[in-house]
Amino acid sequence: MDKMINEDIFKQYQSSKEGLSEQEALIRLKKYGKNTLIKDEKKNVVKVFLSHLVDPLVYVLLVGFILSLLLKEFTDAFIIIFIVILNGFLSTFQEMKAEKALKSLASLTSPKCLVKRDGKIKEILAEDLTIGDIEILQAGRNVSADLLLIKSSHLLVDESSLTGESLPVEKDAKIITHENTPLGDQKNKAFMSTSIVSGTGQGIVIKTGMNTQIGKIAKMIKTEKKQITPLQKKLNEISNVLAITTVILCILIFIIAIFQKRDTMEMLITAISLAVAVIPEGLLAVVTIVLSLGVLRLSKVNAIVKKLPSVETLGCVNVICSDKTGTLTKNKLTVRNVVVNQQISKELNPCMESSYLLAAMVNCNDATLNNDKYIGDPTEIALLEYAKNYSVNKVARSDCLPFDSNRKMMSTLNGDIQYSKGAIDVLLLSCKYQLINGQIKVLDSKDCNKILSIHDYLSFDGLRVIGLAYKKTNKISEDNLIFIGMVAMMDIPRDEVKSSIEVLSGANIKTLMITGDHRNTALSVARQLNIATRDDEVISGVELDEMDEKQLIENIERYKVFARVSPNNKLQIVSALQSKNNIVAMTGDGVNDAPSLKKANIGIAMGINGTDVAKNASDMILMDDNFKTIEKAVKEGRGIFNNIKKSLLFLLSSNIGEVIVMLIAILLNLPIPLIAIHILWVNLLTDTLPSLALGQDIVDDDVMKEKPRNMNESIFAHKGGLMVIIYGIVIGLLSFMSYIYVPLAHLYKNNVMITINEIFYLLKNNSAILLKAQTFAFSTLALSQLFHSIGIKNINKSIFNKKTLNNPLLIVSLLFGIFIQMLVTMLPFLTNIFKTSLLTIYEFIVILLFSMIPLFVHEIINVFKKN
């Protein structure tokens, strides 16, 4: 029968048991192409740099650059273009630095393989493998193409990176599977990039290169486009608003010019000055630097971020889809329970049964210790690691019956004792006695049923259970055995994961499990981690395949565990969650995770156990594979957004203040209070330093008690826009008041009647008064923004609280800003550069009093909020 099946296979793929001839292999290589995956295009530094200039905010700054050139304000123009280049450089540096840490996609394929050609076994380059070739499989080698097995002997294959199956899969050439059989259940096939754990086999090549299962995943990665981050969306929106505002202001100025019959060229220069005032030149630099410093902080806790905006995206994640194997669990089998005397326990008590069980675990075992590391089958490694805590000596082996998929048992003869292990149902058939309570008794049907019920109880909880037996003999044979007990093991959760999931839950972030593992195993781990508790919260890949897109979207939020899923299922899950307006983070380490890692709003790959494909597809890499790092990253992401929002609201309210003071003067037909160099100074120094300090504000622990923000939520939400307008008006009015104060004080000092006409006359006709008035307006604008930065640090709390002083950088920027503003108005050579008047200490104190009013406004607003 087997021979007939193989003949049919050879006929289908036009091959034979001797393999292809070299000549036929060359013909097929030309027909089907090399057995390689499409390599990712190598990133070009120049292209990466230019890609970071394709940004609406950069466009707005470039408009500011052109306007500054028109005004012949070359210093302004230089600084703007410097900021644009600096942003491109920092973003490019981060992306190329992360890229350097990764290897190419093609490194997954085995460079060489064993193949049978012309009846002879030879080693060839894996890329020269073609359809119809017969690949020889041996322990320690990778599978180089998709194979249909024609021979197998004790063949165990590690498919965890492809399917998510935590245990090696036993392959059998005799099994016949259907076309729709889930990938993890195709026991008669072996797939490219998986590795042989033990045994031998032969398989006929049925798919190569991009047509293999891993090739299909590579295609998914290629076709899946990455979405822009929520922060990028908001900054793009703000850029559009700024651009529209600039155009409206310029039109408004020209309308005013016509009505007031002003000089057209003069009003053009004024319009350009206003346009420059609207554009917050420092915003791009602030965002880039704040994100860069966030990336630096995350690197210290073993997280590499490939692209700067990804840090902030974590701040609005509300669903984390986590792979189970290697992410939530250790990807390593561990003995969880032992059963002796028909009792389940975690540890063995000193007794005869325990001694025999431990001896069987150690002696009926092919795993070996090499350089303090166990090598072999994961099940056998788990047995040795458990037994090493009990100091069990291994006895020399004289004979062995290796594990066989038909017998489902393994037996060894060590001295005069035979030890056997295997599947419970089979092992019990070979047992005539049992060792219980220090005595050897006949194993009757009642005892068998009790043992099977314990086995079923443990298996239902997702554990892998094996039985152990022994007998005293000089010749190995699997009959009349004495049953000792059972060992139950599983891929246990990582130590830190449960507490991290609890913290994330407190932050209103839902953790879902997505795995290629079996339903019971997945639910068992989910229960231990408090991800899910009920069976109806679990759905399998087969059930997902039966749903159409609409049904999946409608029902997606009912489930917390997705078991036995394919790579395409993972993509469907992420897409369905995103359709429900969720911001999705996806964690994973396998090839099968790569498409969904790329599809997710932020993909997080494991650095130690993660495959190169997963790392390439991700946005962030956890270098210690520690799930807890995600918790830290979420907190960092939320803090970064809050800080960027504070910086942004600060910058915009300051810029609105500039526009308002200019507009009031123009509407009243007065000389402009600010010239271009004043606006440049405020926008790039007294604005930027505090905004950078706000961007480095300490992240409040309460941030993890808040709900994730909605991806469609405006950056001006929660009355942020109202605050911008209020403080913009306050700063603008204060600057204009100080502008008017100068002629008013002059009239008062000279005992001249104070009237509006007199004030306006002095500003229009007395150049010395105008220069001092502009100096007052300029200094009040600059210093009021500095004091405003203290209030906006926390718009919901009084400045008289202990957290006001917990940002030393902000206090330094305030004091430094006051100091340099004094220099600009008190040192003659600087007053010439900045076109300001020399001020006395008394006059500077008056300006300081004007400038502190935003803090009083802040306190008044908070009083009204409380009431």
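The structure this text deals with has already been given above.
Residues numbered from 1 in each chain as written. Predicted model: local features only at pLDDT ≥ 70, side-chain atom pairs only at ≥ 80, totals over all residues. Heavy atoms only, no water.

What follows deals with empty space enclosed by the protein. One pass over the full model with this rule turns up two cavities of 30 Å³ or more. Taken as a whole, the largest cavity holds about 60 Å³ of empty space. Lining the largest cavity are Val 339, Val 340, Asn 341, Gln 342, Gln 434, Leu 435, Ile 436, Ile 451, Phe 483, Ile 484, Gly 485 and Met 486. Elements with a minimum of two residues in the lining of the largest cavity: strand 10 (329–340), strand 17 (431–436) and strand 20 (481–493). (1 Å grid on protein atoms, 1.4 Å probe; cavity = no way out; pocket = protein on both sides within 12 Å on 5 of 7 lines; lining within 4 Å. Points joined across faces, edges and corners; volume = space filled by probe spheres on them. Helix = DSSP H or I, 4+ residues; strand = E, 2+ residues; numbered from the N terminus.)

Excluding glycine, most residues fall at negative phi; most peptide bonds, likewise, are trans. Backbone geometry places Ser 193, a non-glycine residue, at a positive phi of 85 degrees. Mapped onto the elements of the fold, Ser 193 is located in the loop between strand 6 (189–190) and strand 7 (195–207). At Arg 564, a position not held by glycine, the phi torsion is positive, near 55 degrees. The residue Arg 564 is located in the loop between strand 23 (561–563) and helix 21 (567–579) in this model. We classify Arg 564 as buried; its relative accessible area is 13%. (Buried < 20%, exposed > 50% of the residue type's maximum accessible area, 1.4 Å probe, protein only.)

This part takes up the nonpolar core. In this structure, Phe 483, Tyr 739 and Leu 763 are the most contacted members of the largest nonpolar core, which totals 147 residues. The greatest single-element share of this core, amounting to 19 residues, is contributed by helix 24 (residues 628–667). Of all hydrophobic cores here, the second largest spans 35 residues; its members include Leu 37, Leu 552, Ile 556 and Ala 594. (Core = buried A, V, L, I, M, F, W, Y, C linked by side-chain atoms within 4.5 Å.)

This next bit is on the packing of helix 27 (residues 720–749) against helix 32 (residues 841–851). Put simply, helix 27 and helix 32 touch, their axes get as near as 10 Å, and they point 150 degrees apart. Judged on the interaxial angle alone, helix 32 and helix 27 are roughly antiparallel. Crossing angle aside, the handedness with which helix 27 passes helix 32 is right-handed. Facing Leu 734, Met 737, Ser 738 and Tyr 741 of helix 27, the residues of helix 32 in contact are Tyr 842, Val 846 and Phe 850. (Axes fitted to C-alpha atoms, helices over the stretch in contact; angles between N-to-C directions. Parallel < 35°, antiparallel > 145°, perpendicular 65-115°, else oblique. Left-handed = near helix turned anticlockwise from the far one by under 90°. Contact = heavy atoms within 4.5 Å.)

Where strand 3 (residues 134–138) meets strand 7, five bridges bridge the pair, whose relative direction is antiparallel. Counted as the bridge partner of Gln 138 is Thr 200 from strand 7. (Pairing = 2+ DSSP bridges.)

This next bit is on the sheet that holds strand 24 (residues 584–588). Within the open sheet, the eight strands sit side by side as 8-26-25-24-9-21-23-22. Their pairing is mixed. Of all strands in the sheet, those bounded by a partner on one side alone are strand 8 (303–305) and strand 22 (538–540). Direction aside, neighbouring strands of the sheet carry axes that sit 20 degrees apart on average. The pairing of strand 9 (residues 319–323) with strand 21 (residues 510–514) spans five bridges and is classified as parallel. Across the sheet, the residue bridging to Val 319 is Lys 510, located in strand 21. The sheet contacts of helix 21 involve strand 9, strand 21, strand 23 and strand 24, and relative to strand 24 the element is tilted by about 160 degrees.

This part covers the pairing of strand 20. The element strand 20 is largely enclosed, with a buried count of 13 among its 13 residues. Where strand 10 lies against strand 20, eight bridges are found, and the strand directions are antiparallel. Residue pairing for strand 20: Val 340 is matched across the bridge by Gly 485. Pairing of strand 17 with strand 20 involves three bridges; the strand directions are parallel. Bridged to Gln 434 within strand 20 is Phe 483. Relative to strand 20, strand 19 (residues 464–472) runs antiparallel, the two being bridged by seven bridges. Residue Ala 469 lies in a different strand from strand 20, and its bridge partner there is Phe 483.

Moving on, we come to a nonpolar patch on the surface. Taken together, the side chains of Ile 841, Ile 845, Leu 849, Met 852 and Phe 856 present a nonpolar region at the surface, about 500 Å² in accessible area. When you line up the elements, Phe 856 lands in helix 33 (residues 853–866). Taking the relative accessible area as the measure of exposure, Phe 856 reaches 53% and is therefore exposed. (Patch = residues over 30% accessible without salt bridge, like charges linked within 9 Å, V, L, I, M, F, W, Y side chains within 5 Å. Areas by Shrake-Rupley, 256 points an atom, 1.4 Å probe, with all protein chains shown as cover. Salt bridge = Lys/Arg side-chain N within 4 Å of Asp/Glu carboxyl O.)

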